[in-house]
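Examining the three-dimensional arrangement
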Amino acid sequence: MYSITARFNQIVFFTSWTLVVLSLLNQGTAYFFKTGKPTVDLKILSADKFHHYKATYYNGGVTDWDQVTFKFSLEADFEPVYNWNLKQLFLYVNVHHEHQEKGFQSDCVIYDKIISRPDDPSTWSNSSKLVLKNQRAEYPLKDIHKQLRNATVNFEVWIEVMPYVGYIRREKLGDFQYQMPQQYN
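Predicted model only: the values in this text are computed from it and were never measured.

1. Quick notes on the overall build of the protein chain
Per the secondary structure count, the protein chain includes two helices and eight strands. Counted from the first residue to the last, the protein chain has its helices and strands arranged as α-β-β-β-β-α-β-β-β-β. For 185 residues, the compact-globule formula gives about 16 Å, and the C-alpha radius of gyration of the protein chain, at 24 Å, lies well above that figure. Projected onto its principal axes, the C-alpha positions of the protein chain cover 80 × 45 × 25 Å. Of all 185 residues assigned to the protein chain, the portion counted as buried reaches 35%. Long-range contacts, defined as pairs at least 24 residues apart, comprise 72% of the intrachain contacts of the protein chain with a sequence gap of at least 6. Taken as a whole, the protein chain presents about 11600 Å² of accessible surface, with 56% of it coming from carbon and sulfur. Of the charged side chains in the protein chain, 20 are positive and 19 negative, and the gap between their average positions amounts to 3 Å.

Quick look at the structure:
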């Protein structure tokens, strides 16, 4: 009746259920102690390298597009989402603009960053603040319809909160508008 396999089965399932219960308690307590929304301030400093590009393919086809690289400053405080269940944050800046003539929308991520939470809780307040000054965007904004000149583009700052246990939550932290230049530089 008490074989080694029965004993092993009891130990494995007891350990599994204990881990499931502890994981649910971890996720539940972190969810209920959410203290607020992170703050963010984004300032677009300039639209550098705003050019019109043209390329010829090997088969004779030609395509052209507008391309711009931005410089910006970003200050953010993520302390309201820091808790014992947070593994890391994924921050990204998305540029959204609508095409006037064509009637559709375009989105492009121009900057992203992974922010890992340190293990020592005494350093959370220092590591939860992000300050970027005069930062050049990692990725350029391209428009194959050549409608970026004098367009109003919206910058959206998003974070994805990735916990140790639980679902990944996505939050929009802010909307910021910018008027594109009328001429290429």
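2. Quick look at the nonpolar core
Among the nonpolar cores identified, the biggest contains 37 residues, and Phe70, Phe78 and Phe155 are the most heavily contacted of them. Looking at this core, the elements with two or more residues in it are strand S1 (39–56), strand S2 (62–77), strand S3 (86–98), strand S4 (105–116), strand S5 (129–136), strand S7 (152–163) and strand S8 (169–179). Excluding its chain neighbours within four sequence positions, the residues that come into contact with Phe70 are Ile44, Ser46, Ala47, Ile110, Gln135, Arg136, Ala137, Leu141, Phe155, Tyr178 and Met180.

3. Let's talk about the side chain of Asp64
For Asp64, the location among the structural elements is in strand S2. A distance of 3.2 Å separates a polar atom in the side chain of Asp64 from a polar atom in the side chain of His52. Of note is the side chain of Asp64, whose polar atom sits 3.5 Å from the side chain of Lys146. With sequence-adjacent residues up to four places away left out, Asp64 is seen in contact with His52, Tyr53, Lys54, Ile144 and Lys146.

4. So, the pairing of S7
In terms of burial, S7 is a largely internal element, nine of the twelve residues being buried. Across ten bridges, the pairing between S3 and S7 is antiparallel. Counted as the bridge partner of Leu86 is Pro163 from S7. Hairpin connection from S7 to S8: five residues lie between these consecutive antiparallel strands, with Gly166 at a positive phi of about 125°.

5. Brief notes about the pattern of salt bridges
As enumerated under the stated definition, the model contains ten salt bridges in all. Here Lys146 makes a salt bridge to Asp64, at a shortest N to O gap of 3.5 Å. In this pair, Lys146 is assigned in the loop between strand S6 (141–143) and S7 and Asp64 in strand S2, connecting sequence segments 82 residues apart. A salt bridge links Asp77 to Lys129; the shortest N-O distance between them is 3.6 Å. Of this pair, Asp77 sits in strand S2 while Lys129 is found in strand S5, placing the two residues 52 residues apart along the sequence. Overall, Asp77 belongs to the partly exposed group, its relative accessible area being 21%.

6. As for the environment of Trp84
In this fold, Trp84 is placed in the loop between S2 and S3. The exposure class of Trp84 is partly exposed, given its relative accessible area of 43%. With 35 residues separating them in the primary sequence, Trp84 and Lys49 have C-alpha atoms 43 Å apart.

What counts, and at which threshold
- Residues numbered from 1 in each chain as written.
- Predicted model: local features only at pLDDT ≥ 70, side-chain atom pairs only at ≥ 80, totals over all residues.
- Heavy atoms only, no water.
- Helix = DSSP H or I, 4+ residues; strand = E, 2+ residues; numbered from the N terminus.
- Rg over C-alpha atoms; globule rule 2.2 N^0.38 Å.
- Buried < 20%, exposed > 50% of the residue type's maximum accessible area, 1.4 Å probe, protein only.
- Contact = heavy atoms within 4.5 Å.
- Areas by Shrake-Rupley, 256 points an atom, 1.4 Å probe, with all protein chains shown as cover.
- Lys, Arg positive; Asp, Glu negative; His and termini not counted.
- Charge placed at Lys NZ, Arg CZ, Asp CG, Glu CD.
- Core = buried A, V, L, I, M, F, W, Y, C linked by side-chain atoms within 4.5 Å.
- Polar contact = N/O pair within 3.5 Å; in protein donor to acceptor, adjacent residues only side chain to side chain.
- Pairing = 2+ DSSP bridges.
- Salt bridge = Lys/Arg side-chain N within 4 Å of Asp/Glu carboxyl O.

Scope: geometric values only; no functional claims are made or implied.
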